[in-house]
Amino acid sequence: MTSSEQIFNTLVLPYLNHAVRTYESGYASVSDIDAAMRFGCGYPKGPLTVVDEIGAAQVRDLLAARYAETGDHLHEPAGLLDKLVAENRTFADEAAAAGEGAAPQLKHDIAKVGVVGTGTMASGIVQVFAQAGYEVVYVGRGQDKLDGVVGYITKNLDRAIAKGKGTEGDKDALLGRLTGSTEREALGGVDIVVEAIAEDLELKLELFRDLDRICKPGAILATTTSSLPITKLGEATGRPQDVIGMHFFNPAPVMKLVEIITTSATSADVDETVRALTANVGKVGVSAGDRAGFIVNLLLFPYLNDAIKLAEGGEELATIDAAIKETAGFPMGPFELLDVVGNDVSLAIQKELYAEFGEPGFEPAATLVAKVEAGELGRKTGKGFHDYS
Ligand code: CAA
């Protein structure tokens, strides 16, 4: 066996198994799991389609061999693989049996969108809505932060114009739809707010209480949190039926996925409106419940963590990155992606998953913890797993 194949078997097979178990548990549909990984991470195919292509029997047997070696429950073939083999069925059959839902409709008028935050995610989200023709009011903590959002968008648009995609006129029109403010009160007239501030529950609870006071009745309050309980944010307001998750991916203007997270209190109309809005801004929405990791992070971060553990065993980072791109066709190797996401963010997500699921295999890799302690967070600090200085 070549080393690339070994790396595929070590890192990609457990990811496929995890995707099968996620479907088997009823957490998400076949098409949403596959769309999540294609549009959230740029993978050429969703994991369940890949299982169909390799063959459920082959995936089961390769996993069984790995399980015999490691004894790790995460490598034990999902029961559904056996069932599909026995019944000669595929995930494509499962998806076809589930059928397609009707296209979602806007149940609330959405003309003006608010965004809170001025970081990378917030800036990307402002761009996404303005690009789709919405008026956007965005709120930050100082004029310099507001200017940073315009700088980020201008840079992206200038790059697109240089490639012959769009004109200076389009750029001016888009920037003309933006209103920056340092006062949250500016959000009084918006139809939906998307919050993308720091991943800190106390900060977000305070913000949601304030948004509840400021925003007009019926305005939807959405969060782009990837790891905090949305139910708690809803409970901090007098309108939990209007609170929902809209989890965008980095870089937001490029990645087409939005995970739409409903709590048990979110109304069906708000869910449908946000799914329709997601489609209107040219993104693909998938639905998931309010649980750590949703779909993408649940499947992505254990794989990234496994890659770090493989490197701890002596495999070269560049070899792993190259093998994954070659064998799985992922757009970035695990260490390249970790450096884009940021090791601090990755560690926080991995800790959440470990706490929620208690799988010993989800324990954050020691090197990830060490990188964060050393301040080697990735591209944003000039050094992470790879060096950018
Ligand atoms: N902002 C805006 N646009 C960007 C951009 C950015 N930061 N980076 C790249 N682009 C644009 C480029 O302008 C280019 O646009 P056109 O096609 O219109 O010309 C396009 O994206 C492709 O860029 P490149 O050709 O330069 O580079 P690429 O082909 O290597 O693609 C990539 C870059 C899209 C980022 C690709 O590498 C990819 O899909 N990577 C995977 C990213 C990923 O997995 N993200 C999920 C992380 S997990 C997460 O976000 C969740 C969480 O909770 C932490």
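Quick caveat: nothing in here was measured; it's all calculated off a predicted structure.

### Topic: the environment of Glu202
Within the secondary structure layout, Glu202 lies in helix α10 (residues 201–214). Residue Glu202 is classed as exposed on the basis of its relative accessible area, which comes to 55%. Considering only alpha carbons, one finds Glu202 and Leu233, 31 residues apart in sequence, at a separation of 9.7 Å.

### Considerations on the pattern of salt bridges
Within the structure shown, the criterion is met by 21 salt bridges. Its salt-bridge partner being Lys171, residue Asp158 comes within 2.8 Å of it at the nearest N-O pair. You can see Asp158 sitting in helix α8 (residues 143–162) and its partner Lys171 sitting in helix α9 (residues 168–176), a full 13 residues away along the chain. Classification of Asp158 as partly exposed rests on a relative accessible area of 33%. Notably, a salt bridge pairs Arg239 with Asp212, separated by 2.8 Å at the nearest N-O pair. Of this pair, Arg239 sits in the loop between α11 (230–235) and β6 (243–248) while Asp212 is found in helix α10, placing the two residues 27 residues apart along the sequence. Via salt bridges that share partners, Arg184, Glu185, Glu206, Asp210 and Arg213 belong to a single interconnected network.

### Description of the domain arrangement of the chain
The domain architecture assigned to the chain consists of domain 1 (3–98 + 295–381) and domain 2 (112–289). Between the C-alpha centres of domain 1 and domain 2 the distance comes to 29 Å. The partner domain 2 presents 15 residues to the 15 residues of domain 1 that form the contact. Carbon and sulfur atoms supply 60% of the area buried between domain 1 and domain 2, which totals about 1200 Å² over both sides. Taken as a group, Tyr27, Asp32 and Phe39 account for 38% of the area that domain 1 buries against domain 2, more than any other trio of residues on that side. Counting across the domain 1 and domain 2 interface gives 0 salt bridges. Inspection of the region where domain 1 meets domain 2 yields 6 residue pairs in polar contact (both at pLDDT 80 or more).

About the cut-offs
- Residues numbered from 1 in each chain as written.
- Predicted model: local features only at pLDDT ≥ 70, side-chain atom pairs only at ≥ 80, totals over all residues.
- Heavy atoms only, no water.
- Helix = DSSP H or I, 4+ residues; strand = E, 2+ residues; numbered from the N terminus.
- Buried < 20%, exposed > 50% of the residue type's maximum accessible area, 1.4 Å probe, protein only.
- Salt bridge = Lys/Arg side-chain N within 4 Å of Asp/Glu carboxyl O.
- Domains from an automatic or database assignment.
- Contact = heavy atoms within 4.5 Å.
- Buried area = accessible area lost by both parts, 1.4 Å probe.
- Polar contact = N/O pair within 3.5 Å; in protein donor to acceptor, adjacent residues only side chain to side chain.

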